[in-house]
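What follows is each chain in one-letter form.
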Amino acid sequence: MKHKRKFSSKQFVIKTATVGLLLNMLASPASSVMADAVKTPATTEAGAVATGTATAKAAVAKIPSVESLELNVSSAVLIEPTTGEVLLSYNADQALPPASMTKMMTEYLVAEAVKNGQLSWDQKVIVQENAAQQTGSRIYLAQGDEHTVKELYIAMAVGSANDATVALAELVSGSEQQFVALMNETAQKMGMKTAYFINSTGLDRADMPANYRPETDRETVMSAMDAAILAKYIVTDHPDFTEFTTIQSYKFRERDTKPMINYNWMLEANKDIANFKAYAYPGLDGLKTGHTSKAGNCFTGTAVRDGMRLISVVMGADSEAHRFTETRKVLDFGFNNFEIKQVVAAKSVITGNETVPVQKGKNESVSVVTDAGVTFMVPKGTVSPQIETAVTVNDPSTLVAPIPNATAVGKVTYTYKVEGMSQVQQKTVNLITAEEAEKAGWFKLLMRAIGDFFGDLFTGIKDLF
């Protein structure tokens, strides 16, 4: 005798609900099924999915301390311009008189004016009264003299001529004080935090022609860090700067009995000049000296070695010679202890984050890679630097097929710290799709929704027992 299987009231309700829901799904329009049945990944409060942090372990080389250099200056800094990394910092944020290093901003703005077509190098400049009355380092321009922009620029860059500098400033903006406003505005845009200019030359206010002094009683100031930032913009925005800064001497007029001599004794080309060969530095090709009684002796230098350019600034040295000997210490510190290393290649796959989920796609996920490589300054000889990697994926509700190839779907942040240095290096790149995520047809989406539904349903039933 066969026995009929008996169901509990709970089982009967579940079975009835299952059949009813299935019939409703099959009777509903496909669009409704897809909208109600496709699962949406959970998001964080910020609308993004944090997908983890990975860390590669490696031995860390120690960098000598700044104190070990025994620098005899008021402040100093050393940076690598492409990464912006600060390799050495000694009172680097202290605002100090920069003297003629001020002219770097004038050089930058004149070069910008030529670059954007406002000026041309062969354009004639008529010298005005303010320029003719300048004191200090100058080429003795008279009011009404005519010279080209290029001639005056060389006099400014090589001979640090105050009169040539003012003539160019007035050409760009109409008056020196209008040009000073442009200098201060540009300093803010560059991210210079302490820089304040009262003239185009770096002269103290009392040394300016009386009729052309600003109303304010403030003086020009700039920190070593700000000078380095300014130099970074020069070498990156105007890589042809060496056309002017490497000129060793220049005869401004045919009648001049002596040429002007470049104040930069450290030029590599000076290695064969008797008076300067003790200071010549391999790869050094710029940038600007400065001196006043208040500023002491200053120098912004830049040199290239093994394909790596560094920018150094020293301020407040006690002699012309010492601004160069202290610069040598700073540059040697950088070239002897650091190198640029690509720590992550472009199109890299992040372990543990090889794909991201995609809604309504032919496939439920799409492969992802980084869009750019990452370069850090590392201690020389470092093979496997210790890099921390943090991945953040966009809000999953935005990752809906179709998604084109190379679409940004998240961010990857790499962090690196060198032992003995306070600054942490960090760079963020995009996480992009490595292929197109095509949209699935309605039937595939329907079948996927049904499958997901029953998967969840049977999991729920199993959990009841």
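A quick note: this is a predicted structure, and the numbers were derived from the prediction, not measured.

Conventions adopted
Residues numbered from 1 in each chain as written. Predicted model: local features only at pLDDT ≥ 70, side-chain atom pairs only at ≥ 80, totals over all residues. Heavy atoms only, no water. Salt bridge = Lys/Arg side-chain N within 4 Å of Asp/Glu carboxyl O. Helix = DSSP H or I, 4+ residues; strand = E, 2+ residues; numbered from the N terminus. Buried < 20%, exposed > 50% of the residue type's maximum accessible area, 1.4 Å probe, protein only. Axes fitted to C-alpha atoms, helices over the stretch in contact; angles between N-to-C directions. Parallel < 35°, antiparallel > 145°, perpendicular 65-115°, else oblique. Contact = heavy atoms within 4.5 Å. Nonpolar A, V, L, I, M, F, W, Y, C, P; charged D, E, K, R; others polar. pLDDT = per-residue confidence, 0-100. Pairing = 2+ DSSP bridges. Core = buried A, V, L, I, M, F, W, Y, C linked by side-chain atoms within 4.5 Å.

Caption draft 1: Just the pattern of salt bridges, in detail. Taken as a whole, this structure holds 7 salt bridges when the rule is applied. Two residues, Glu 243 and Lys 150, come together in a salt bridge whose shortest N-O distance is 3.1 Å. Note that Glu 243 is positioned in helix α9 (residues 242-245) and Lys 150 in helix α5 (residues 149-159), a separation of 93 residues in sequence. Take Glu 243: its relative accessible area is 40%, and that puts it in the partly exposed class. Put simply, Glu 320 and Arg 323 hold a salt bridge, and the shortest N to O gap is 3.5 Å.

Caption draft 2: Quick look at the packing of helix α3 (residues 103-115) against helix α7 (residues 176-190). One way to put it is that α3 packs onto α7 with a least axis distance of 10 Å and a crossing angle of 95°. As the angle between them shows, α3 and α7 are arranged roughly perpendicular. Where α3 abuts α7, its residues Met 105, Thr 106, Tyr 108 and Leu 109 lie against Phe 179, Leu 182, Met 183, Thr 186, Ala 187 and Met 190. Taken together, the residues of the contact of α3 with α7 sort by class into 8 nonpolar, 2 polar and no charged.

Caption draft 3: Seen up close, the environment of Thr 300. Positionally, Thr 300 belongs in strand β9 (residues 296-305). Taking relative accessible area as the criterion, Thr 300 reaches 0% and is therefore assigned buried. A sequence separation of 15 residues divides Thr 300 from Met 315, and the C-alpha atoms of the two residues are 8.6 Å apart. Once residues within four sequence positions are removed from consideration, Thr 300 is found in contact with Met 101, Met 104, Ala 227, Ala 231, Gly 286, Leu 287, Lys 288, Ile 311, Ser 312 and Val 313.

Caption draft 4: Quick peek at the pairing of strand β2 (residues 75-80). Here β2 lies mainly inside the structure; 6 of its 6 residues are buried. Across the two faces of β2 the burial is the same, with Ser 75, Val 77 and Ile 79 and Ala 76, Leu 78 and Glu 80 all buried.

Caption draft 5: Spatial organisation of the confidence of the model for the protein chain. Across the protein chain, pLDDT averages 86, with 81% of residues at or above 70. Counting interchain partners and residues more than four positions distant, the pLDDT-below-50 stretch residues 1-60 has 70 contacts.

Caption draft 6: Representation of the sheet that holds β9 in the model. Spatially, the 5 strands line up as an open sheet ordered β3-β2-β10-β9-β8, and their pairing is antiparallel. Unpaired on one side and paired on the other, β3 (85-90) and β8 (284-292) mark the two borders of the sheet. Within the sheet, the average angular offset between the axes of one strand and its neighbour, ignoring direction, is 10°. Summarising the sheet, β8 and β9 pair through 8 bridges and their orientation is antiparallel. Its bridge partner lying in β9, Gly 286 is registered against Thr 302. The strands touched by helix α10 (residues 320-337) are β2, β3, β8, β9 and β10 (308-317); relative to β10, the strand with the most contacts, the crossing angle is about 145°.

Caption draft 7: Structural detail: the nonpolar core. Ranked by internal contacts, the top residues of the largest apolar core, which has 66 residues, are Val 77, Met 105, Met 192 and Phe 197. Mapped onto this core, the elements with two or more residues apiece are β2, α3, α5, α6 (162-173), α7, α8 (224-237) and β10. Among the elements that line this core, the one with the most residues is α8, at 9 residues. Listed in part, the 53 residues of the second largest apolar core include Met 266, Val 330, Phe 335 and Val 391.

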